[in-house]
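Per-entry structural report
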Amino acid sequence: MASDTRPATPEPARGSRLLRSWRGSLRVRVITWTVLLGALLGVLLGTVLYEQVARGLVDQAVASAERDSAQQVSQAQQAFDSTDRRDDSGLRALALEQIQSMIGPSAEDGRRVLITPALGNETGGVVEAMGVGVDEQDIPASLQESIAADPENQQVMVVPVSLVGGIDGASDVTAVVVGTRVSLARAGAYDMVMVYPLLREQETLDLLRQLFLLGGLALVLLVAGLALLATRMVTRPVEEVAKASQELARGHLDERLPVAGTDEIAQLATSFNTMADSIQHQIRELRSLSQLQQRFVSDVSHELRTPLTTMRMAGDVLHASREDFAAPVARSAELLDQELDRFEGLLAELLEISRYDSGAATVERHDEDVVPLIRAAVDGVRPLAERLGSELTLRVPEDRVDVCMDGRRISRVLRNLLTNALEHGEGRPVEVTLAITTEVAAISVRDHGIGLDEDQQRQVFERFWRADPARTRTTGGTGLGLAIAMEDARVHGGWLQVGSAPGAGACFRLVLPRTHTYVIAEEPPPVPTAAVLAGVGGAAGRGALAVAGSGGSGDASAEDGTVPPVVLALATRQER
């Protein structure tokens, strides 16, 4: 049987999970910071208290050692002075006897005694250094120097020494070392050193350290519990407010928060409910006004159709008979016919906008070849292009390009874009380009006219907006064409975009999904503007410019009918 060599799926890094928990939970951050600050405070407080207690125990031990040492040295000196030994062995025996009588009652915590010739004592060989429980090499040399410098007073040091005969044999412990000058008959000056181990104090500090550690741990746990309780009391109402806000954002305007008590949380809930009531009231008013406006536009449009039909019939009769009239009357008949055409177009567009506003617009999408649709739209505006002196250039693939669309609406979008391009093209060429991938079709209409600045590009799709209201128009316009085109693109799941620069013309791009199962989830990259539209790099007006402005060869894009990858960088496939 073959072994499975597929690599194991890597689990999410623990660090990333912790980072997500840290960023996504206020409770985690508050508890963490509270525990850290509590632990830091506990460590600082415990350290200070421990140092104070340790210093107090050492000071107390030093004072006790000084008192005891002074008493022991006085008794030893009296014994040395009251005894007259003529031989050296007697002196040595006396010194050893005195040292043994001065040691503590137990080997664990009693005092240790050492007697050694003082510095400069030439007769020190009579009684050599001897001690019980401590060796001479463990006594700091600086102690004898201090005694020699001030023989009248005790010299005290707290240093680690090695004790012989302790609990575990020889061991290093901290001890109080007290040195004093004594005098032996016939032997001269000697230094008597007494060592007081701080074993009991060390045990006390060890016990205190354990208590501090346990107390600090208990304190941290207590702080964590209090922080959890406090954050729970605060974050739960905040979570409820967030949840209610999300419900309001989804359109559930009846969502409210319960109010209990008179504290800050209750005030927050009351303020939220007041805000929700105000929003609900205003939205209802806006909906009512919007419905009244839509109904007014729809009703007026419908009511005007009857008199308009009558006026059209009368106008057609007058227009057909204009050659029988005098010149002024004939001209009036022509103007009447033109204005009736504009009036009919305005009513049709108003009705279409009202359908979109009321949600009554219907889209009949089916697979259709978009190439003949584009050719028909271009052919339909050729008389206008010839009258304005603009050349129409068409770049489309030779093969069939199926797009799931409502052909009537897409034709209307193309007519609007082409008419606007010719109207504002200043008699310069207008280029139409189709570029495709397997999922997306992009149709661009490019002119070389007056162009739009940034503010105008943001307003160009608004209703009844014109770039230059005082500009003379040859076809007449209502200011609704691009607004309807934008709505047509949206109902197809597509995008209608514009890129322009003043004096460099404008490029409108219609991006449509080719199938009903493909969704362009995010807006495609913006249409190129400024230097690109001005023709820098030789790409102006070509396929790459019209589709995505990728900076590549425009001719290649137009010839093979592909969209540069930048167009699809933000598109995401989703199944409906």
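Since we're looking at a predicted model, the values are computed, not measured.

Focus on the confidence of the model for the chain
- The predicted model of the chain has a mean per-residue pLDDT of 76, with 77% of residues at 70 or higher.
- For the stretch residues 166-170, pLDDT sits under 50, and the model shows 6 contacts to residues farther than four places along the chain or on other chains.
- Note that residues 530-576 has pLDDT below 50 and, in this model, 99 contacts with residues that lie over four places away or in other chains.

As for the packing of helix H2 (residues 26-82) against helix H5 (residues 199-249)
- At a minimum axis separation of 8 Å, H2 and H5 run at an interaxial angle of 160°. Between H2 and H5, the angle falls in the class roughly antiparallel. Classified by chirality, the crossing of H5 by H2 is right-handed.
- Considered class by class, the residues forming the contact of H2 with H5 number 20 nonpolar, 6 polar and 5 charged.

Side note on the packing of aromatic side chains
- Throughout the structure, instances matching the rule amount to 1 aromatic pair.
- Arranged with centres 6.1 Å apart and planes meeting at 90°, the rings of Phe461 and Phe508 form a pair that is edge-to-face. Within this pair, whereas Phe461 is found in the loop between helix H11 (454-459) and helix H12 (481-491), its partner Phe508 is found in strand S12 (residues 506-513), the two being separated by 47 residues in sequence.
- The class for Phe508 is buried, based on a relative accessible area of 7%.

A closer look at the environment of Leu221
- Within the secondary structure, Leu221 is located in helix H5.
- Residue class for Leu221 comes out exposed when judged on its relative accessible area of 57%.

Remarks on H5
- In this model, H5 (51 residues) spans 72 Å end to end at C-alpha, consistent with the 75 Å of a helix rising 1.5 Å per residue.
- When we look at burial in H5, the residues that qualify are Leu205, Leu208, Val223, Ala224, Ala227, Thr231, Thr235, Pro237, Val241, Ala244, Glu247 and Leu248.

Observations concerning the pattern of salt bridges
- On inspection of all chains with the given rule, the structure shows 14 salt bridges.
- Two residues, Arg181 and Asp191, come together in a salt bridge whose shortest N-O distance is 2.9 Å. Separated by 10 residues along the polypeptide, Arg181 in strand S4 (residues 169-184) and Asp191 in strand S5 (residues 188-197) bring together distant segments of the chain.
- Classification of Asp191 by relative accessible area gives buried; the value is 0%.

Structural notes on unusual backbone geometry
- Positive phi values are uncommon outside glycine, yet Glu426 reaches one of about 55°.
- Relative to the elements of secondary structure, Glu426 occurs in the loop between helix H10 (407-423) and strand S9 (430-436).
- Assessed through its relative accessible area of 43%, Glu426 is described here as partly exposed.

Comments concerning the side chain of Thr180
- Assignment of secondary structure puts Thr180 in strand S4.
- A residue is classified by how much of its surface remains accessible, and Thr180, at 10% relative accessible area, is buried.
- The residues contacting Thr180, other than those within four sequence positions of it, are Ser69, Val73, Ile147, Gln154, Tyr190, Asp191 and Met192.

Re the sheet that holds S9
- Read across the open sheet, the 5 strands follow the order S7-S9-S10-S12-S11; overall the sheet is mixed. Every interior strand has two partners, whereas the edge strands, strand S7 (392-395) and strand S11 (495-500), have only one. With strand direction ignored, the average angle separating the axes of adjacent strands in the sheet is 15°.
- Where S7 and S9 come together, 4 bridges link them in parallel fashion.

The rules behind these values
- Residues numbered from 1 in each chain as written.
- Predicted model: local features only at pLDDT ≥ 70, side-chain atom pairs only at ≥ 80, totals over all residues.
- Heavy atoms only, no water.
- pLDDT = per-residue confidence, 0-100.
- Contact = heavy atoms within 4.5 Å.
- Axes fitted to C-alpha atoms, helices over the stretch in contact; angles between N-to-C directions.
- Helix = DSSP H or I, 4+ residues; strand = E, 2+ residues; numbered from the N terminus.
- Parallel < 35°, antiparallel > 145°, perpendicular 65-115°, else oblique.
- Left-handed = near helix turned anticlockwise from the far one by under 90°.
- Nonpolar A, V, L, I, M, F, W, Y, C, P; charged D, E, K, R; others polar.
- Phe/Tyr/Trp six-rings, centres within 6.5 Å; stacked < 30°, edge-to-face > 60°.
- Buried < 20%, exposed > 50% of the residue type's maximum accessible area, 1.4 Å probe, protein only.
- Expected span 1.5 Å × (residues − 1).
- Salt bridge = Lys/Arg side-chain N within 4 Å of Asp/Glu carboxyl O.
- Pairing = 2+ DSSP bridges.

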